[in-house]
Amino acid sequence: MAAGRELTVIEKPLFPPDCVPSRSLRIALVNMPWARTDTPSIQCGLLQAALASFGHDARSLYPNLELSAELGAGLYEIITEAPSERVHLFGEWLFGTAAFGVRQDEEEYRRLFPEVPEMCAAAGLDWDAVTALRRERLPAWIDELAARDDWAALDVVGFTSTFMQNVAALALARRLKEARPELVVVFGGANYDGDMGPEYVRNFPFIDYAVVGEGDVAFPRLAAAIARGDSAADVPGVCARTHRGGVSPAVPGPRVQAMDRLPVPCYDDYFAAVESLGKGNVIGRNTQRLLVEFSRGCWWGEKHHCTFCGLNALGMQYRAKSPGKARAELEELMRRHRVLAVDAVDNILDMGYLGSLCGSLKEAPWDTALFFEVKANLTREQIRTLAEAGVWKIQPGLESLSSNVLRLMRKGSTTLLNVRLLKWAHYYGVRVDWNILTGFPGETDEDYARQTALVPLLTHLEPPAGVGRIWLERFSPYFSDPSFGMREIAPKPAYRLAYPVPGLDHGRIAYFFDYEAPGVASADAVAALRKAVEGWQRAWEPAERPLLQYRRGPDWLTLLDTRGGRRRKATLTGWRAQAYELCGDAPRSGARVHRELAALGALTGPDGDLPSAREVADFLRLTVEHGICLEEDGKYLSLAVPVRPGLPARTPPAGSGTAGR
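So, how was this worked out
Residues numbered from 1 in each chain as written. Predicted model: local features only at pLDDT ≥ 70, side-chain atom pairs only at ≥ 80, totals over all residues. Heavy atoms only, no water. Helix = DSSP H or I, 4+ residues; strand = E, 2+ residues; numbered from the N terminus. Rg over C-alpha atoms; globule rule 2.2 N^0.38 Å. Buried < 20%, exposed > 50% of the residue type's maximum accessible area, 1.4 Å probe, protein only. Contact = heavy atoms within 4.5 Å. Areas by Shrake-Rupley, 256 points an atom, 1.4 Å probe, with all protein chains shown as cover. Pairing = 2+ DSSP bridges. Axes fitted to C-alpha atoms, helices over the stretch in contact; angles between N-to-C directions. Left-handed = near helix turned anticlockwise from the far one by under 90°. Nonpolar A, V, L, I, M, F, W, Y, C, P; charged D, E, K, R; others polar. Core = buried A, V, L, I, M, F, W, Y, C linked by side-chain atoms within 4.5 Å. pLDDT = per-residue confidence, 0-100. Parallel < 35°, antiparallel > 145°, perpendicular 65-115°, else oblique. Expected span 1.5 Å × (residues − 1). Arc of directions from axis to C-beta. Phe/Tyr/Trp six-rings, centres within 6.5 Å; stacked < 30°, edge-to-face > 60°. Lys NZ or Arg CZ within 6 Å of the ring centre and 35° of its normal. Salt bridge = Lys/Arg side-chain N within 4 Å of Asp/Glu carboxyl O. Right-handed = clockwise from strand over helix to strand, strands pointing away.

J.: Mind showing me how you'd approach the overall build of the chain here?
T.: Along the chain, the regular secondary structure elements total 28 helices and 25 strands. In terms of overall dimensions, the chain is globule-like: its C-alpha atoms have a radius of gyration of 27 Å, near the 26 Å expected for 661 residues. Dimensions of the chain, computed from the C-alpha atoms along their principal axes, are close to 95 × 55 × 50 Å. For the chain, the proportion of its 661 residues judged to be buried stands at 56%. Within the chain, contacts between residues separated by at least 24 positions form 73% of all contacts whose residues are at least 6 apart in sequence. Accessible area of the chain: about 27500 Å², with a carbon and sulfur share of 51%.

J.: What should I look at first to understand the sheet that holds strand β22 (residues 588-589) in this one?
T.: The strand order across the open sheet formed by three strands is β22-β24-β23, and the pairing between neighbours is antiparallel. Pairing within the sheet leaves two strands with one partner each, and these edge strands are β22 and β23 (629-632). For β23 and strand β24 (residues 635-638), the ladder comprises four bridges, and the chain directions are antiparallel. Opposite Glu-631, over in β24, you have Tyr-636 as the bridge partner.

J.: So what exactly am I meant to see when it comes to the packing of helix α26 (residues 574-582) against helix α28 (residues 613-625) here?
T.: The geometry of a pair of packed helices is captured by two quantities: the angle between their axes and the separation between those axes. Between α26 and α28, whose axes approach to 11 Å, the crossing angle comes to 65 degrees. In this structure, the crossing between α26 and α28 has a hand that is right-handed. Across the interface between the two elements, Trp-575, Arg-576, Ala-579 and Tyr-580 from α26 touch Glu-615, Val-616, Phe-619 and Thr-623 from α28. Grouping the amino acids of the contact of α26 with α28 by side-chain chemistry returns five nonpolar, one polar and two charged.

J.: Looking at this structure, how should I read the nonpolar core?
T.: What tends to happen in soluble globular proteins is that the nonpolar side chains get buried as a cluster. Met-32, Phe-90, Phe-95, Phe-159 and Leu-172 are the most contacted members of the largest nonpolar core, which has 209 residues in total. Beyond its immediate stretch of four places on either side in the chain, Met-32 contacts Pro-63, Asn-64, Trp-141, Ile-142, Leu-145, Phe-159, Gln-165, Ala-168, Ala-169 and Leu-172. Formed by nine residues, the second largest nonpolar core is a distinct cluster that contains Leu-14, Phe-54, Val-217 and Leu-262.

J.: Would you mind going over the confidence of the model for the chain with me for this structure?
T.: Atomic detail in the predicted coordinates should be set aside for any region of low pLDDT. When the pLDDT values of the chain are averaged, the result is 92; 95% of them are 70 or greater. Taken as a whole, residues 1-11 scores under 50 in pLDDT and shows 26 contacts with residues more than four places along the chain or in a different chain.

J.: Sorry if this is basic, but what is going on with the side chain of Gln-288 here?
T.: Here Gln-288 shows up in the loop between α14 (279-283) and β7 (290-292). Not counting residues within four places of it along the chain, the set of residues in contact with Gln-288 comprises Asp-38, Tyr-270, Phe-271, Val-274, Lys-279, Ile-283, Val-339 and Ala-341.

J.: Looking at this structure, I do not really get the packing of helix α2 (residues 63-71) against helix α13 (residues 268-277). What am I missing?
T.: The interhelical angle for the contact between α2 and α13, taken along N-to-C directions, is 20 degrees, at an axis separation of 10 Å. The pairing of α2 with α13 is recorded here as roughly parallel in orientation. Here the hand of the crossing between α2 and α13 comes out right-handed. Contacts between α2 and α13 involve Leu-65, Glu-66 and Ala-69 on the former and, on the latter, Tyr-270, Ala-273, Val-274 and Leu-277.

J.: Would you mind showing me how to read α28 here?
T.: The periodicity of an α-helix, 3.6 residues per turn, causes residues three or four positions apart to be oriented the same way. An ideal rise of 1.5 Å per residue puts 18 Å on 13 residues; α28 measures up with 19 Å between its terminal C-alpha atoms. Where α28 is concerned, the buried positions are Val-616, Phe-619, Leu-620 and Thr-623. Buried positions in α28, seen along its axis, are confined to an arc of 95 degrees and lie on one side of it. Exposed residues on α28 whose side chains face more than 90 degrees from its buried face are Arg-614 and Glu-625. The secondary structure elements touched by the buried residues of α28 are β21 (568-573), α26, α27 (590-600), β23 and β24.

J.: Sorry, what's going on with the sheet that holds strand β12 (residues 391-395) here?
T.: Working definition: the strands of a sheet are paired by backbone hydrogen bonds and lie parallel or antiparallel to each other. Strands sit in the order β7-β10-β11-β12-β13 across an open sheet of five strands; the sheet is parallel. Since the sheet does not close on itself, it has two edges, and those belong to β7 and β13 (431-432), each with one partner.

J.: Can you help me understand the packing of aromatic side chains in this one?
T.: Two numbers describe a pair of aromatic rings. These are the distance of the centres and the angle of the planes. Inspection of the entire model under this criterion finds 35 aromatic pairs. Between the aromatic rings of Tyr-200 and Phe-204, the centroid separation amounts to 6.1 Å while the plane-to-plane angle is 25 degrees, which identifies the pairing as stacked. Every member of this aromatic cluster is reached through a ring pair, and the members are Phe-100, Phe-159, Phe-187, Tyr-192, Tyr-200, Phe-204, Phe-206, Tyr-495 and Tyr-499. Here the guanidinium or amino end of Arg-380 rests over the ring plane of Trp-424, the centre of that ring lying 3.9 Å away.

J.: Sorry, what's going on with the pattern of salt bridges here?
T.: Oppositely charged side chains are able to pair whenever their charged atoms sit close together. Taken as a whole, this structure holds 44 salt bridges when the rule is applied. In this structure, Glu-106 and Arg-134 form a salt bridge, with 3.3 Å as the shortest nitrogen-oxygen distance. Separated by 28 residues along the polypeptide, Glu-106 in helix α7 (residues 106-112) and Arg-134 in helix α9 (residues 127-146) bring together distant segments of the chain. Of the two residues, Glu-106 and Arg-134, both sit in the buried class. Among the charged side chains, a salt-bridge network with shared partners connects Glu-214, Asp-216, Glu-293, Arg-296 and Arg-319.

J.: So what exactly am I meant to see when it comes to the environment of Gly-352 here?
T.: Tracing the sequence through the fold places Gly-352 in the loop between β10 (341-344) and α17 (357-363). Note on Gly-352: relative accessible area 44%, which makes it partly exposed. Each C-alpha atom, one on Gly-352 and one on Asn-191, is 31 Å from the other, the two residues being 161 residues apart in sequence.

J.: Would you take a moment to explain the pairing of β10 for this structure?
T.: Side-chain direction in a regular strand flips from residue to residue, so the side chains alternate between the two faces of the sheet. Along β10, one buried face is formed by Ala-341 and Asp-343 and the opposite face, lined by Val-342 and Ala-344, is buried too. As paired strands, β7 and β10 are joined by three bridges and run parallel to one another. Within the sheet, the bridge partner assigned to Leu-291 lies in β10 and is Asp-343. Bridge analysis of β10 against strand β11 (residues 369-373) gives three bridges, and the strand direction is parallel. Bridging across to β11, Asp-343 finds its partner in Phe-371. Handedness of the β10-α17-β11 crossover: right-handed.

J.: I tried to follow the pairing of strand β20 (residues 556-561) on my own but got confused; where do I start?
T.: Across five bridges, strand β19 (residues 548-552) lies against β20 in antiparallel orientation. From the neighbouring strand, Tyr-550 faces β20, where its bridge partner is Leu-559. Once β19 ends, the chain turns through three residues before running back antiparallel as β20.

J.: Mind showing me how you'd approach unusual backbone geometry here?
T.: For residues that are not glycine, phi is negative in most cases, and the peptide bond is trans in most cases. Here the bond from Pro-33 into Trp-34 is cis, since omega is 10 degrees, no more than 30 degrees from zero. Its identity is not glycine, yet Leu-89 carries a phi of approximately 50 degrees, on the positive side. Here Leu-89 is to be found in the loop between α4 (85-88) and α5 (90-94). One non-glycine residue, Phe-163, adopts positive backbone phi at about 60 degrees.

J.: Any chance you could explain helix α3 (residues 73-80) here in plain terms?
T.: Inspection of α3 places Ala-73, Leu-75, Tyr-76, Ile-79 and Thr-80 among the buried residues, and these make up the whole buried set. Burial along α3 is one-sided: seen end-on, the buried residues are contained in an arc of 165 degrees. Tucked inside the fold, the buried residues of α3 contact α2, α4, α5, α9 and α14.

So this is what it looks like as structure tokens:
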């Protein structure tokens, strides 16, 4: 659309009148490395759709895909998926020369983070090659990217910046602004929330505006102000440089309440770029996935903000799309792009969806492979519902197998509830993405000793990805509330090397911090748990994994147990079989099991009478001694999984297996 064209635009209900522009602008939304390549950017997709609805000529650009194709998808993924990226900021540091000029700090970086050259060496990249990548290849790539003719026709360039894509974006933005001072450069995303946005604007003169917080309304307002030739310093949610040389505070912009009025994200430019570059060149063996957003905020966090969580900088208020809107948007995206693997970016699943959206998807004849973040206290039937709806993987925020540590986190879960989720997710074929976290003020060695002792009983269930100390994140209660006693809080040392800019306050732009926590478990106790978990992971490597399962007969059940490399069988008969099953769906006290057996009335004890409460209690204690049940606070949970298939056979979509992300 030609620049300067006058527009007549119907006001969208989500947007205030000052979003309507006087003319159309040519706007590029840029997704820089090291953003993942197997999905489009939902941030760019949402803003592109919103801007286009107001008549702007908006497009999304994906230089991250181009760099993946140039370096090779394998190397690109190694850099993006480095397990300690939050510690060493390797991806950010690699673009340091391109963004800030040549600095000979490679050896200092290597000395501070010896795990990085080890990681690179394992990938066949020696340190000379890393140095050449930083000093030569990436600056040359940024130069070539900035020299393209496409930028000359633009009025505005907007950079989305989340995780490790900020320094690459700064490098390109600086060159574009130097070549065309009249070009308006805007930054936004999670790296610009709170104090971070104003600090970047203050220190980088090539950034004209930073959108702080949700940009759905702020960015169209900003674009309309630019189109009118007005200053956008007073636009809510926008941080700008003032005429006096200062930086305007970012007055919080409006957060979207009517989620149904958000546009469907536009991913056309992503799929066109992947097709042009070659899918294998860009994402390698990974599965191509769509991103959807059905809600914002966290309904659990509104009640109890998890102590280590730094998400939702502007507040936890939970807002969700209606089930009908969520279903329609999902169907539209899958139909348009012919992709069945879908990740929801929501912090937590709307529990109302279990009976509405999931029920609808259960009836749909699609082989969808969905990912959701969920609460850990899901019941067996709720997990079954997810599986029937095509959910292949969940992230339930388990974080620990200690009820005391979970209490310190404010998780609202327990050891038994977390194990129950692992048990029924395994039964219904739903993968679980989880870790065990450590380092919570108030934890004890006993908390970790109990978890270590628990691990051998759980090897038939999916293990965690690892055991690691919590990150101290900006916006988390541990960071902002001094009553937790965190001491010696300072930005991770890597920020100094990733951002070697005089005057830049790393304490204002850092998201991850070093700290000392009071009253935490000893290193030995944590190491013992880590060793046990590593054994659990090894047990899951072979095709023949450990089993703890049972077959059910008319009045008996037979258990098969291969945990620990031994093969054992046991048969429970009569009321004992029934009692064991009664503890399967949810933790139950001995008294409750006794009442439910009495209500059944058909199963009798050795003398032809219903078992006494004492007999039931003695039996349940015996199951704990034999490692086929867990007990906590007088409640029991059986560990064995039924042999009978939980769901009918389902054909998975191509490429949705466990390989890749």
